[in-house]
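Coordinate inspection notes
Here's the letter readout for the chains.
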Amino acid sequence: MRYLVVALLLIAVLVSAFDCVVQIYTKIKIELQYKEETKTEVFVNGQLIDRKIDTQYKPKETLEAWVMGSGFVVFSGERKGEEFSLIMTNYHVIDFLVERPTELKTLNPTLGVFVIKDGKLTKFDLQKDGYRLVITQIEGPFLIFYWSFKRNHKHTFEVKAEVFKYDALLDIAVLKLPDVKGLPVAKLAKSIDDYPLGEPIAIFGAPLGVPFQLTKGVLGQKGLDIQTGWIDMLRYDCPQAPGSSGSAIFASDGKVIGVVRGSFVTFAGSPYDGQHLGIAIDNIRDWLYLSGLGYVLEGSE
């Protein structure tokens, strides 16, 4: 019976939800600089009276990086004479475009930041090797739509969007595609309370930047408060990886009940297997109303 339910879940999600899923990335150009230290000692009458160490960072090479994530279409139509589409994702997927940092502090791919060199993921021990990464250019966000199920053939297209609205605390952002309408739109559930623990769920996303992966699991916990006292989180066991951030969490009826947020991690920084977190649809709906985007909900139910 459980396998039958899972099969029905996958069919429902594939038919009603696949085409609304989007891969999101931001391009970053980075200058890799190495640390060079020059020691200066001052002697008077043979006695050392002063010692200085002058540290400079010098360019070594230029690298390209991508901040990767996922998202889904929540509106595509016309409003007040303007045609546009809206895509929801996590704030941390597009925060580089808002905060415009000048230096990259880590190459930890768990943050969804991938630095590619010679076709391979590049990793530097910044502290041990004395490197620093200076950001020279940030461009995006870019969206990749990947359609194949309904058309029986692969078709992709890539467009550049703009950051429209965001909430860093809730970790939600909405991107805007001007002059675009008619895209498939996700259906948003009314409340997570309508779904029991053990509800079969599925996630479409782009883990590790590979579009598009479907993973399945069950809803394990609701109303989890681990941050601010008002953000209700979901816990579930769908496999995910960096690049999954911002993916929609689909219930067995094909509706979105949450947005992928991240994973529990150990003190060593590695994820607990099967312990992942999502933002409940209730908080997302409230935020849409408060942000002046209540019209998104009118056609999404």
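The paragraphs below set out a description of the structure included in this document. Just so it is clear, the model here is predicted, and its values are computed rather than measured. (Residues numbered from 1 in each chain as written. Predicted model: local features only at pLDDT ≥ 70, side-chain atom pairs only at ≥ 80, totals over all residues. Heavy atoms only, no water.)

1. Overview of the overall build of the chain
Rules: Under the DSSP-based scheme used, a helix requires at least four consecutive residues in state H or I and a strand at least two consecutive residues in state E, with every element numbered from the N terminus. Only protein chains enter the accessibility calculation, which uses a 1.4 Å probe; a residue is then buried when its area is under 20% of its type maximum, exposed when over 50%, and partly exposed in between. Between two residues, a contact is recorded if the distance between any of their heavy atoms is within 4.5 Å.
Secondary structure summary: the chain contains five helices and 16 strands in total. Across the 301 residues that make up the chain, the buried fraction comes to 46%. Pairs at least 24 residues apart make up 67% of the contacts formed inside the chain by residues separated by at least 6 positions.

2. Topic: the side chain of Asp171
Applied cut-off: Here a polar contact is recorded for every N or O atom pair within 3.5 Å, except that within protein the pair must consist of a potential hydrogen donor and a potential acceptor, and residues adjacent in sequence are included only if both atoms are side-chain atoms.
For Asp171, the location among the structural elements is in the loop between β9 (162-167) and β10 (172-178). In this structure the side chain of Asp171 is engaged in a polar contact, spanning 2.7 Å, whose partner is the side chain of His92. Residues in contact with Asp171, not counting those within four places in the same chain, are Thr89, Asn90, Tyr91, His92, Arg261 and Ile279.

3. Focus on the packing of aromatic side chains
The geometry of an aromatic ring pair is captured by the separation of the ring centres together with the interplanar angle, meaning the angle of the planes. Our working rule: Two rings from Phe, Tyr or Trp (for Trp, the six-membered ring) form a pair when their centres sit within 6.5 Å of each other. Planes less than 30 degrees apart are called stacked, planes more than 60 degrees apart edge-to-face, and all others tilted.
The final tally for this structure, using the stated rule, is five aromatic pairs. Seen from their ring centres, Phe75 and Tyr295 are 5.2 Å apart, and the 80° between their planes marks the pair as edge-to-face. Linking Phe75 in strand β2 (residues 47-79) with Tyr295 in helix α5 (residues 295-298), this pair joins segments that are 220 residues apart in sequence. For Phe75, a relative accessible area of 13% puts it in the buried group. The class for Tyr295 is buried, based on a relative accessible area of 10%. Cluster of aromatic residues (ring-pair linked, three or more members): Phe75, Phe84 and Tyr295.

4. Re the pattern of salt bridges
Side-chain pairing between opposite charges can occur once the charged atoms of the two side chains come close. Short version of the rule: One speaks of a salt bridge when a side-chain nitrogen belonging to Lys or Arg is within 4 Å of a carboxyl oxygen belonging to Asp or Glu.
Enumeration over the complete set of coordinates arrives at four salt bridges. Residues Lys181 and Glu83 are paired through a salt bridge, measuring 3.2 Å at the closest nitrogen-oxygen approach. With Lys181 in the loop between β10 and β11 (200-205) and Glu83 in strand β3 (residues 82-89), the pair connects residues that are 98 residues apart, well separated along the chain.

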